[in-house]
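Listed here are the chains, written in short residue letters.
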Amino acid sequence: MIFFEFAKRSIRLHWLRSLLAVLGIVIGVMAISSMGILGNSLVLSVGEALSDVGDTVVVYPHAGGFGNGPPVQTDTVITGRQVQQIERAVGVNDVIPLHVSADRIEVGGEMGVVQVYGMDTADIPLLLEVTQGVYLRGASGALVGQMLAETYDLGVGSRITVGDQSLRVAGILTERGVGFDINPDRAVIVSDQWYRSVYGEADYDQVIVKVRNLEEIEEVKHDIDAALNRRETEVDIFDTRMILETILETFSTISTFTTAIGGISLVVAGVSIFNVQMMSVTERTREVGIIRSIGTRRREVMKMFLYEAFLLGFIGSAIGGILSFGGGYLALLVMLQDTTFLFAPSSLVYIPYGMLFGIGTSLISGVYPAWKAANLNPIEALRYE
Amino acid sequence: MSTDQPIIRLDHVSKIYPLPFGDVTALDDVSLDVEPGAFIAVMGPSGSGKSTLLNVIGCLDVPTKGDLFITGRNIGELSDDELTDLRRDTLGFIFQQFNLIPLLTVRENVEYPLVLKTRRRESEGLVEALTRRVGLEEELLPHKPSELSGGQQQRVAIARALVNDPEILLCDEPTGNLDTKTGTLIMELLTEVNGQGKTIIMVTHDPRIAEYAHRTINLVDGKIV
């Protein structure tokens, strides 16, 4: 293909100018791919951190509030009667009523404030996992979250004081990450008997329903709503999967935005290619006049210059694509301190995606110069000095 | 085509360039018949319209008025692609500045019009045969035009002009950039090519060069005198 040969030789002849144009594409492709990988990894890591609560329906006492998030809690509660109604409404699914409050904690003279969850000891294994020690068996004792244990250097058998009450740590919980139902990592979990005896509250602050079949989540929500909110709104019902999806969607938007920022550098690279191609057309005006006069068609001239733009884009995109592994790795290391998701297919797809954009940008940038060359008047082009 | 039909016919051809300070008439009602195998020299002072005449016959420019027929085809009725194909297949160009393609080697320059025509890069010995025919050493084929002397470059240009076996050769001051000895050799080559049946239209301002032609046309102010 002689026109391809023309393009190759022109690039070789003007290697420095071509190198700079290629460098622009390399940076553009790297920016798009790395930002894409970063954004996608962000979505994946958030998704992973939150996905284990996707099968949960959370019921709060109705307290007004705004938007779709959990309501601002006041002194309203969920009564035992309402819990029974929920149990009837959800059938075989597990219902876990919870007491929630915050209290002072003291460990060996070190003091702080901690979230306290009170629940039926039989329900604890349904919601939480113990990594050291044992689940609560009786009214006394407490389970502590992993991060709380690390903060206060707690182990199985350690003694903590919550409020004025001394408790022995029976077990340390497995780290769970941020959840929409409860956040036990920095909390103390006690039996509901202990909680009631200490805080004097019989009613509950929230109810968690673990839905066995994920496809029934909507139905479960509907049944609870029908049972409790028929006459007036007594409870607010949230589906954690819905919240999870909203959050992931938000992160996806952020990911798209960061990728688009990377795209700006590719636009700059496109301008560089345009500039190089315009220079090439100007310098080779006489050559265009020669080849037109001896029988080269307009579209063949156009093809010759488009090949040149394509080659610059292809070389830049190929190098940029390879370097994107490094760019993506660095971006993840700096921004997320976690490179686990670099090789996830949904992350890697940003590399060919960036390369396609690189080649596309080069071709688009080369269209006008190529068109200009193809439409030069052969006589005037031959006279060009 | 039949021998009694002119290979080139200009029928009351005018070429007018509209310029901001007024129209310039480069060719003024020129009529000319060129028989196949003719060797015509076009002479005239600067600005007389010699190059315009060559450009119009070479289908690089179109007449403002009148008709031009090349091998019986009215070029005013042809599309840009058809005109380009006519230049590629029927016309061969030889320029004063040689106008070789600097990015290509001698071989590639010679075979370029053939590649355009056949879409293939194998010339099956044609390039070598043409190289010998125009008196070039085959060792020069891999070289770039910039590595050749003026005479050698013009020989390459002649080989390129002949590669598609065109019926007409258009030469614009073919010896203008050459010394007398080399110019003579090039003219002997063109005479030989003409002897093999090619029609040649040659623009020159040198009467000694014009002597190689069978017929000389003088242009003054765009008119044949």
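Definitions and limits used
- Residues numbered from 1 in each chain as written.
- Chains lettered and ligands numbered in written order.
- Predicted model: local features only at pLDDT ≥ 70, side-chain atom pairs only at ≥ 80, totals over all residues.
- Heavy atoms only, no water.
- Helix = DSSP H or I, 4+ residues; strand = E, 2+ residues; numbered from the N terminus.
- Rg over C-alpha atoms; globule rule 2.2 N^0.38 Å.
- Buried < 20%, exposed > 50% of the residue type's maximum accessible area, 1.4 Å probe, protein only.
- Contact = heavy atoms within 4.5 Å.
- Areas by Shrake-Rupley, 256 points an atom, 1.4 Å probe, with all protein chains shown as cover.
- pLDDT = per-residue confidence, 0-100.
- 1 Å grid on protein atoms, 1.4 Å probe; cavity = no way out; pocket = protein on both sides within 12 Å on 5 of 7 lines; lining within 4 Å.
- Points joined across faces, edges and corners; volume = space filled by probe spheres on them.
- Nonpolar A, V, L, I, M, F, W, Y, C, P; charged D, E, K, R; others polar.
- Patch = residues over 30% accessible without salt bridge, like charges linked within 9 Å, V, L, I, M, F, W, Y side chains within 5 Å.
- Salt bridge = Lys/Arg side-chain N within 4 Å of Asp/Glu carboxyl O.
- Pairing = 2+ DSSP bridges.
- Polar contact = N/O pair within 3.5 Å; in protein donor to acceptor, adjacent residues only side chain to side chain.

Caption draft 1: Structural context of the overall build of chain A. When its secondary structure is counted, chain A shows 13 helices and ten strands. In summary, chain A has a C-alpha radius of gyration of 32 Å against a globular reference of 21 Å for 385 residues, an excess of more than 25%. Scored against the burial criterion, the 385 residues of chain A give a buried share of 50%. Taking all contacts inside chain A whose residues are at least 6 apart in sequence as the whole, residues at least 24 apart take part in 78%.

Caption draft 2: Spotlight on the overall build of chain B. For chain B, the count of helices and strands is seven helices and ten strands. For chain B, the C-alpha radius of gyration of 17 Å lies close to 17 Å, the compact-globule estimate for 225 residues. Its C-alpha atoms put chain B at 50 × 40 × 40 Å along the principal axes. Burial analysis of chain B (225 residues in total) assigns 54% to the buried set. Considering only contacts within chain B whose residues lie at least 6 apart along the sequence, 72% involve residues at least 24 apart. Here chain B has roughly 9,600 Å² of accessible surface; of this, 48% comes from carbon and sulfur atoms.

Caption draft 3: Geometry of the confidence of the model for chain B. Mean pLDDT over chain B: 92, with 98% of residues reaching 70 or higher. This prediction of the complex comes with two scores: 0.74 for pTM and 0.92 for ipTM.

Caption draft 4: Here's a closer look at the layout of surface pockets. Each pocket or cavity is described by its volume, and for the largest pocket that value is around 670 Å³. In terms of lining residues, the largest pocket is bounded by 29 residues, among which A:Arg383, B:Ser51, B:Asn55, B:Gln96 and B:Asp172 are the most central. Elements represented by at least two residues in the lining of the largest pocket include exactly α13 (378–383) of chain A together with α1 (50–57), β6 (91–94) and β7 (168–172) of chain B. Here the element with the most residues in the lining of the largest pocket is α1(B); it accounts for five residues. Taken together, the residues of the lining of the largest pocket sort by class into eleven nonpolar, twelve polar and six charged.

Caption draft 5: The arrangement of the side chain of A:Ser34 in detail. Mapped onto the secondary structure, A:Ser34 falls in helix α2 (residues 15–50). In this view, A:Ser34 contacts A:Ser324, A:Gly327, A:Gly328 and A:Ala331; residues no more than four positions away in its chain are not counted.

Caption draft 6: Main features of a nonpolar patch on the surface. Residues and elements named next belong to chain A. Residues Trp15, Leu16, Leu19, Leu20, Leu23 and Ile27 make up a contiguous nonpolar surface patch of roughly 650 Å² in combined accessible area. As for its position among the elements, isoleucine 27 is in helix α2. For isoleucine 27, a relative accessible area of 49% puts it in the partly exposed group.

Caption draft 7: Layout of the pairing of strand β7 (residues 165–173) of chain A. Residue and element names in this part refer to chain A. As paired strands, strand β4 (residues 130–133) and β7 are joined by three bridges and run antiparallel to one another. The partner of glutamine 132 across the bridge, within β7, is isoleucine 172. Pairing of strand β6 (residues 159–162) with β7 involves four bridges; the strand directions are antiparallel. Its bridge partner being in β7, isoleucine 160 is matched across the sheet by leucine 167. The hairpin formed by β6 and β7 contains two residues between the paired strands, and glycine 163 there has a positive phi angle of roughly 65°.

Caption draft 8: How the structure looks around the side chain of A:Thr121. Tracing the sequence through the fold places A:Thr121 in the loop between β3 (110–119) and α4 (124–127). Its relative accessible area of 19% is what places A:Thr121 among the buried residues.

Caption draft 9: Looking closely at the environment of A:Asn40. Residue and element names in this part refer to chain A. Within the secondary structure layout, asparagine 40 lies in helix α2. Residues asparagine 40 and serine 347, spaced 307 residues apart in sequence, show a C-alpha to C-alpha distance of 5.7 Å. Non-local contacts of asparagine 40, meaning those with residues more than four positions away in its chain, are made with Ser255, Ser346, Ser347 and Tyr350. Within the structure, asparagine 40 has its side chain in polar contact with the side chain of serine 346 (distance 3.0 Å).

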